[in-house]
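Chain by chain, the residues run as shown.
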Amino acid sequence: MSPIIRNAPCPCGSGKKYKLCCLASKSEAESRPVAETAAQTVRSKAFARLVDFGRKPAFAAALKAAFDELWGPGFREWTDDEQAAAFARPEAQAGIVTYCVLDAPASLGATIAEQFLAQQGKHLSRAEFEYLQRLATTRMGLYRVDEVHRDRGLTCTDLWSNDRIEIREKLATRDVAPKYVIAARTFPAADGATELDGALYAFTEPEARKALAVLRAEWKAAHKTDPALAEERFLKRRFPRRHQPLLVRQRVLQR
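This section reports on the structure supplied with the text.

**Things to note about the pairing of strand β8 (residues 200-203)**
- Burial of β8 is two-sided: the residues L200 and A202 facing one way and the residues Y201 and F203 facing the other way are all buried.
- With three bridges joining them, strand β6 (residues 181-188) and β8 adopt antiparallel strand pairing. Residue pairing for β8: V181 is matched across the bridge by F203.

**Looking at the nonpolar core**
- Formed by 18 residues in total, the largest nonpolar core has its most connected members in L50, L102, I112, F116, Y131, L132 and L135.
- With four residues, the top contributor of residues to this core is helix α6 (residues 112-120).
- With sequence-adjacent residues up to four places away left out, L132 is seen in contact with A46, F47, L50, F116, L117 and L124.
- Within the second largest apolar cluster, 16 residues are counted, among which are V181, A183, Y201 and W219.

**As for helix α7 (residues 126-135)**
- Considered for burial, the residues of α7 that qualify are E128, Y131, L132, R134 and L135. One face of α7 carries all of its buried residues, which in axial projection span an arc of 160°.

**Section: unusual backbone geometry**
- Residue D151 is not a glycine yet carries a positive backbone phi of 60°.
- Secondary-structure assignment places D151 in the loop between β3 (140-149) and β4 (153-158).
- A relative accessible area of 34% means that D151 is categorised as partly exposed.

**Describing the environment of L154**
- Looking at the secondary structure, you find L154 in strand β4.
- Setting aside its immediate chain neighbours within four residues, L154 contacts V145, E147, V148, H149, I165, E166, I167, T173 and V176.

**Overview of the pattern of salt bridges**
- Scanning the entire structure with this criterion turns up 18 salt bridges.
- We note a salt bridge from E218 to R238, for which the minimum N-O separation is 3.1 Å. Here R238 lies in helix α9 (residues 231-247) and E218 lies in helix α8 (residues 205-225), a separation of 20 residues in the sequence. Across the pair, exposure class does not vary: E218 and R238 are buried alike.

**Let's talk about the side chain of T173**
- Among the structural elements, T173 can be located in the loop between β5 (164-168) and β6.
- A relative accessible area of 4% means that T173 is categorised as buried.
- A distance of 2.9 Å separates the side chain of T173 from the backbone nitrogen of D151, its partner in a polar contact.
- The residues touching T173, leaving out its near neighbours within four places in the chain, are V148, H149, R150, D151, R152, G153 and L154.

**Quick word on empty space enclosed by the protein**
- Applying the stated criterion to the full structure yields one cavity of 30 Å³ or more.
- Of the voids in this model, the largest cavity is the one considered here, and its volume is about 40 Å³.
- Lining of the largest cavity is provided by R139, M140, G141, L142, W160, L212, L215, L235 and F239.
- Tallying contributions element by element places β3 first for the lining of the largest cavity, with three residues.

**Points about the packing of aromatic side chains**
- Scanning the entire structure with this criterion turns up four aromatic pairs.
- For the pair W219 and F234, a centre-to-centre distance of 5.3 Å together with 50° between the ring planes defines the contact as tilted. One end of the pair, W219, is in helix α8; the other, F234, is in helix α9, with 15 residues separating them in the sequence. When sorted by exposure, W219 lands in the same class as F234, which is buried.
- These aromatic residues form a ring-pair network of at least three members: F53, F59 and F116.
- For R216, the ring lying beneath its charged end belongs to W160, and the centroid distance is 4.6 Å.

Calculation notes
Residues numbered from 1 in each chain as written. Predicted model: local features only at pLDDT ≥ 70, side-chain atom pairs only at ≥ 80, totals over all residues. Heavy atoms only, no water. Buried < 20%, exposed > 50% of the residue type's maximum accessible area, 1.4 Å probe, protein only. Helix = DSSP H or I, 4+ residues; strand = E, 2+ residues; numbered from the N terminus. Pairing = 2+ DSSP bridges. Core = buried A, V, L, I, M, F, W, Y, C linked by side-chain atoms within 4.5 Å. Contact = heavy atoms within 4.5 Å. Arc of directions from axis to C-beta. Salt bridge = Lys/Arg side-chain N within 4 Å of Asp/Glu carboxyl O. Polar contact = N/O pair within 3.5 Å; in protein donor to acceptor, adjacent residues only side chain to side chain. 1 Å grid on protein atoms, 1.4 Å probe; cavity = no way out; pocket = protein on both sides within 12 Å on 5 of 7 lines; lining within 4 Å. Points joined across faces, edges and corners; volume = space filled by probe spheres on them. Phe/Tyr/Trp six-rings, centres within 6.5 Å; stacked < 30°, edge-to-face > 60°. Lys NZ or Arg CZ within 6 Å of the ring centre and 35° of its normal.

Pasting the structure below:
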């Protein structure tokens, strides 16, 4: 087989030069530590199994309800072209799937991820089970970037709680700067560090403040109605639902 010329069109059909497409991806993958690559493989495999479980007919009605709730009535006011453009974006599809399996209650208040772990956990490897167990507790949030540590991580402020948080992240450090506001899902890694899982969305500070003001008002009303409602449970369900149509209009940061 003849070698592919670096400046030739990539054989994957992306339209980019080979050196800027699959060769770059291949080089990056080869440069990763073996343990990091293995961990990513475990995550991808475990999440795929979770999504397959969520496709069961028993969840069909719950998924439709979650989809309708996620997009909300405001989305129906968009034109057909705007709706089609939103759904065409990969991050929209990813956001829908993630919300439906991780955040939306499917039955008896339990998410699909929680039910998957309860019913199928014994069939997972220990690494897969522990990854999904940690992932099932996560939620989307808004974070202001305070410091960027190149190729190492970010020091951020959680704009909901005002807590400072250290995030271990490599690729995003090349695309963000202090004072950026990002919507992201933080994830507790096996070693206790906080990482990012999924897409990152860039917000302006006014957009973030407005979004948080709406959420705080909803939280106040919800907690008054149900004093036993946990704040994290509320945010897990309401943050994506409130902001999914807005998220797909934001600039998606490269990772």
